[in-house]
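# Notes for the structure review
In case you want the letters, here they are:
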Amino acid sequence: MTVTNNAVISVALGYVEANPDDVDLVRSLIVLALHGPSIIARDTTPAHVTCRAAIVSPDWRVLEVRDAPSSGWQLPTGHLEVDDASLLGAALGLASRRGGVDPNMVIPDGIVPVDVDATIAPAVPVLGEPEHVHYNVTYLFHVEDRDLAVSDARAHAVRWVDPATIPGQLGTRLVRMSREARLVR
């Protein structure tokens, strides 16, 4: 079962309800999903949805991965697969494939994404891809133990970083959430 445009719209509306300041960004995603082809398909232009997993440990360190020696460190990120049933499931699948995260060792923070942003993806002439926009839908997951969550870290290039090193609005949100979590303890 593939993620439909209606499912993406539903997630986007839930996100806007929780984050009304982001309405302008999400409005354009909703319009594209209402009037265009599959918004999750990699070849959909001028934009399509990708997913990210923000995985945090009890001490609020964030998991980053490096897919190839030449690439930089980032959250587990990528395009959706045809058989992904939900955006939340797609984010968890990316964490498993890209970072070696055991899906049974993570707890989703909720069904509403922690962040949605838009980034310009450069053209890839070899693949026939023009420059386009990625709407990155990021879900937050918690792990109780870093070593158990990523038990085969040697097989994957992973590291745990301070949330302040995560760029953009997502980093700001993670820092705020980590401070709030520490106050509760």
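Residues numbered from 1 in each chain as written. Predicted model: local features only at pLDDT ≥ 70, side-chain atom pairs only at ≥ 80, totals over all residues. Heavy atoms only, no water.

### Some remarks on unusual backbone geometry
Across the junction of T45 and P46, the peptide omega takes the value 20°, indicating a cis bond. Mapping P46 onto the fold places it in the loop between α2 (23-35) and β1 (47-56). One non-glycine residue, W60, lies in positive phi territory at about 60°. Among the secondary structure elements, W60 is positioned in the loop between β1 and β2 (62-66). (Helix = DSSP H or I, 4+ residues; strand = E, 2+ residues; numbered from the N terminus.)

### Here's the deal with the nonpolar core
Ranked by internal contacts, the top residues of the largest apolar core, which has 37 residues, are V8, V49, I55, L63, L80 and L87. At the level of elements, α1 (5-18), α2, β1, β2, α3 (87-99), β6 (132-143) and β7 (157-161) are the ones that each hand at least two residues to this core. With near-sequence residues (within four places) excluded, L63 lies in contact with I55, L75, P76, V101, V150, V158, R159 and W160. Ranked by size, the runner-up nonpolar core spans 12 residues in total, among them W60, L140, L174 and M177. (Core = buried A, V, L, I, M, F, W, Y, C linked by side-chain atoms within 4.5 Å. Buried < 20%, exposed > 50% of the residue type's maximum accessible area, 1.4 Å probe, protein only. Contact = heavy atoms within 4.5 Å.)

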